[in-house]
Amino acid sequence: KNEVEQSPQNLTAQEGEFITINCSYSVGISALHWLQQHPGGGIVSLFMLSSGKKKHGRLIATINIQEKHSSLHITASHPRDSAVYICAVRVRDQFYFGTGTSLTVIP
Amino acid sequence: KAGVTQTPRYLIKTRGQQVTLSCSPISGHRSVSWYQQTPGQGLQFLFEYFSETQRNKGNFPGRFSGRQFSNSRSEMNVSTLELGDSALYLCASSFWFQGEKTQYFGPGTRLLVL
């Protein structure tokens with residue numbers, strides 16, 4: 001069983017739609033990270049959360065520590081948002097990753 | 001600062017061969033972690049090095065090994081390659097800032113085992 005589960009695995013949206021990607025975890029964590037991976041393979045960190053909510057441009061990330069759940073929202077989606085989004089949790093100094101959500105935004 | 005660099009970017013090997021991948025972390029970062037990424041399994045932790053010492057190790061067979069040099073550059077080696085070792089191998093350098101560990105990923109080495 002994976003420590004981190006993401007849903008959905010694949011997501012196709014029309015440009016402009018509001019998108020939600022979910023992440024559930026089963027372990028006690030120190031922090032949760034949302035990562036973005038583009039087709040070339042490079043991974044960039046979008047957010048680090050230990051509580052509450054963070055917003056960066058059109059991206060919003062929330063976490064509920066009691067329910068062991070986090071969501072990544074994209075408002076007014078755009079084709080350049082097409083990527084794989086990965087949820088990662090840090091347990092002490094080690095990371096565990098979800099299998100990722102592949103997002104395709106159609107113009 | 002330059003980002004994390006990995007060499008080579010692409011590699012084709014045959015079963016039974018061995019391979020060595022290299023990772024240069026961001027200047028000043030002393031921690032390097034290695035990950036294997038496959039379509040079915042996602043990112044899986046291989047090992048982490050800090051100041052030339054292995055700190056953590058994932059659940060991979062002994063064919064997978066690594067080391068870190070005094071300049072923080074790291075190498076990982078896979079011996080007796082198997083078809084299932086075909087994957088994207090990512091390294092990440094990290095540092096702690098205000099109580100949080102942040103990782104910076106390299107572009108990866110894509111290994112194909114035939």
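Residues numbered from 1 in each chain as written. Chains lettered and ligands numbered in written order. Predicted model: local features only at pLDDT ≥ 70, side-chain atom pairs only at ≥ 80, totals over all residues. Heavy atoms only, no water.

## Thoughts on the interface of chain B and chain A
Working step 1: Each partner contributes residues to the interface: chain B has 20 residues there, and chain A has 17 residues.
Working step 2: Taking both sides of the interface into account, the surface hidden between chain B and chain A amounts to around 1500 Å²; carbon and sulfur atoms contribute 53%.
Working step 3: Considering only the surface of chain B that becomes buried against chain A, L43, E100 and F105 of chain B emerge as the three largest contributors, covering 33% of it.
Working step 4: The tally of links between chain B and chain A comes to zero salt bridges.
Working step 5: Taken together, the connections running from chain B to chain A amount to one residue pair in polar contact (both at pLDDT 80 or more).
Working step 6: At the level of secondary structure, the elements contributing two or more residues to the side of chain B that touches chain A comprise strand 4 (31–38), strand 5 (42–50), strand 6 (53–57), strand 9 (87–97) and strand 10 (100–105) of chain B. (Contact = heavy atoms within 4.5 Å. Buried area = accessible area lost by both parts, 1.4 Å probe. Salt bridge = Lys/Arg side-chain N within 4 Å of Asp/Glu carboxyl O. Polar contact = N/O pair within 3.5 Å; in protein donor to acceptor, adjacent residues only side chain to side chain. Helix = DSSP H or I, 4+ residues; strand = E, 2+ residues; numbered from the N terminus.)

## Focus on the sheet that holds strand 3 (residues 19–25) of chain A
Residue and element names in this part refer to chain A.
Working step 1: If you trace the five strands from one edge of the open sheet to the other, you get 1-3-8-7-6, paired in antiparallel fashion. Strand pairing shows two members of the sheet lacking a second neighbour, strand 1 (4–7) and strand 6 (52–56), which therefore form its edges. For this sheet, the mean angle separating the axes of adjacent strands, direction not counted, is 15°.
Working step 2: In this structure, strand 6 lies alongside strand 7 (residues 59–64), joined through five bridges in antiparallel fashion. Paired with G52 across the two strands is I63, which belongs to strand 7. (Pairing = 2+ DSSP bridges. Axes fitted to C-alpha atoms, helices over the stretch in contact; angles between N-to-C directions.)

## Some points on the side chain of N77 of chain B
Residue and element names in this part refer to chain B.
Working step 1: The topology assignment puts N77 in strand 8 (residues 74–78).
Working step 2: There is a polar contact of 2.9 Å between the side chain of N77 and the side chain of T20.
Working step 3: Ignoring any residue separated from it by four or fewer positions in sequence, one finds N77 in contact with Q18, V19, T20, R63, F64 and S65.

## A word on the pairing of strand 4 (residues 31–37) of chain A
Residues and elements named next belong to chain A.
Working step 1: Counting buried residues along strand 4, seven of its seven residues qualify, which places the element largely inside the surrounding structure.
Working step 2: In terms of strand pairing, strand 4 meets strand 5 (residues 43–49) through six bridges, oriented antiparallel. Opposite L32, over in strand 5, you have L49 as the bridge partner.
Working step 3: Adjacent in sequence and paired antiparallel, strand 4 and strand 5 are bridged by five residues, among which G41 carries a positive phi angle near 110°. (Buried < 20%, exposed > 50% of the residue type's maximum accessible area, 1.4 Å probe, protein only.)

## Points about the state of the cysteines
Note on terminology: a disulfide is the covalent bond linking the sulfur atoms of two cysteines.
Working step 1: Under the definition given, this model contains two disulfides over all chains.
Working step 2: C23 of chain A shares a disulfide with C87 of chain A; S-S distance 1.9 Å. Disulfide C23 of chain A-C87 of chain A: the torsion about the S-S bond is -60°, which places it as left-handed. Of this pair, C23 of chain A sits in strand 3 while C87 of chain A sits in strand 9 (residues 83–91); the two residues are 64 residues apart in sequence, bridging distant segments of the chain. Each member of the pair, C23 of chain A as well as C87 of chain A, carries the same accessibility label: buried.
Working step 3: Note that C23 of chain B is cross-linked by a disulfide to C91 of chain B, the S-S spacing being 1.8 Å. (Disulfide = S-S within 2.5 Å.)

## Considering the pattern of salt bridges
Residues and elements named next belong to chain B.
Working step 1: Taken as a whole and judged by the stated rule, the model has five salt bridges over all chains.
Working step 2: A salt bridge links D85 to R63, with the shortest nitrogen-to-oxygen separation between them at 2.8 Å. Here D85 is found in the loop between strand 8 and strand 9, whereas its partner R63 is found in the loop between strand 6 and strand 7 (64–68), with 22 residues between them in sequence.
Working step 3: Judged by relative accessible area, R63 falls into the buried class, the value being 16%.
Working step 4: Because the salt bridges share partners, they merge into one network encompassing R63, E82 and D85.

## Focus on the sheet that holds strand 7 of chain B
Each strand in a sheet pairs with another by means of backbone hydrogen bonds, the pair being arranged parallel or else antiparallel.
All names here are of chain B.
Working step 1: Read from one edge of the open sheet, four strands run 1-3-8-7, paired in antiparallel fashion. Bordering the open sheet on either side are strand 1 (5–7) and strand 7, each of which pairs with just one other strand. Strand-to-strand twist in this sheet, taken as the mean axis angle between neighbours without regard to direction, amounts to 20°.
Working step 2: The pairing of strand 3 (residues 19–24) with strand 8 spans five bridges and is classified as antiparallel. Considered in strand 8, the bridge of S22 is made with E75.

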